[in-house]
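# Per-entry structural report
The lines below spell out each chain.
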Amino acid sequence: MFLNGPGLMKLTVQDIMDNTVEGADFSTIQAVENGRVYDTTLGMWNWFTPNPDGPLVLAWLACNAYPEAFADYPLEDTIRGDYNEFYGYEITDDELEGMLQLQ
């Protein structure tokens, strides 16, 4: 389950996992049962809106949705390289960890 990031809605991964969303019961959804709920707060932009980070979203989604199939994909290097090339910005390890949310 992919949430549409803070700023667009106030729903968080913790809200879903704790089943504290008023008027909704997410507890029986397989993604919740398996702890596979992700927030799309990545980088400088929410990746589910048109933005310059858009090309990275497909790789991130693939790595989260199919971790076994994309286990060898260099997602961290790809993100670091894009931010360095396009923004002239070196992502810190803490920033990258917050972006990835990989299982």
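Above: the structure in question.
It should be emphasised that the depicted structure is a prediction, and the values quoted were computed from it without experimental measurement.

## Examining the overall build of the protein
Summing up its helical and strand segments, the protein has five helices and four strands in all. Listed N to C, the secondary structure of the protein is β-α-α-β-β-β-α-α-α in terms of helices and strands. Relative to all contacts within the protein whose residues are 6 or more apart in sequence, the contacts with residues 24 or more apart total 53%. In the structure as shown, the protein presents an accessible area of about 6,500 Å², 54% of it carried by carbon and sulfur atoms.

## Here's the deal with a nonpolar patch on the surface
Nonpolar side chains collect at one region of the surface, where Tyr66, Phe70 and Tyr73 lie side by side and expose about 310 Å² of accessible area between them. With relative accessibility at 54%, the residue Tyr66 sits in the exposed group.

## Overview of the packing of aromatic side chains
Inspection of every chain in the model, using the stated rule, returns four aromatic pairs. Each ring, one from Tyr38 and one from Trp60, has its centre 6.3 Å from the other, and the planes form 85°; the classification is edge-to-face. With Tyr38 in strand E2 (residues 38-39) and Trp60 in helix H3 (residues 54-65), this residue pair connects regions lying 22 residues apart in the sequence.

## Observations regarding the nonpolar core
By size, the foremost hydrophobic cluster in this structure holds 14 residues, and its most contacted members are Leu75, Ile79, Tyr83, Ile91, Leu96 and Met99. Elements supplying a minimum of two residues to this core: H3, helix H4 (75-87) and helix H5 (93-100). No other element matches the six residues that H3 contributes to this core. Core analysis: the second largest hydrophobic core is formed by seven residues, Leu3, Ile16, Val21 and Val37 among them.

## A look at the pattern of salt bridges
Tallied over the entire structure, the rule returns one salt bridge. Between Arg80 and Asp93 there is a salt bridge, with its nearest N and O atoms 2.6 Å apart. Pair noted here: Arg80 is in helix H4 and Asp93 is in helix H5, with a separation of 13 residues, a long-range link.

## Thoughts on the environment of Leu75
With respect to the element layout, Leu75 can be found in helix H4. C-alpha of Leu75 to C-alpha of Trp60: the two residues are 15 residues apart in sequence and 7.1 Å apart in space.

Quick notes on the rules
Residues numbered from 1 in each chain as written. Predicted model: local features only at pLDDT ≥ 70, side-chain atom pairs only at ≥ 80, totals over all residues. Heavy atoms only, no water. Helix = DSSP H or I, 4+ residues; strand = E, 2+ residues; numbered from the N terminus. Contact = heavy atoms within 4.5 Å. Areas by Shrake-Rupley, 256 points an atom, 1.4 Å probe, with all protein chains shown as cover. Patch = residues over 30% accessible without salt bridge, like charges linked within 9 Å, V, L, I, M, F, W, Y side chains within 5 Å. Salt bridge = Lys/Arg side-chain N within 4 Å of Asp/Glu carboxyl O. Buried < 20%, exposed > 50% of the residue type's maximum accessible area, 1.4 Å probe, protein only. Phe/Tyr/Trp six-rings, centres within 6.5 Å; stacked < 30°, edge-to-face > 60°. Core = buried A, V, L, I, M, F, W, Y, C linked by side-chain atoms within 4.5 Å.

Keep in mind these numbers describe shape, not what the thing actually does.
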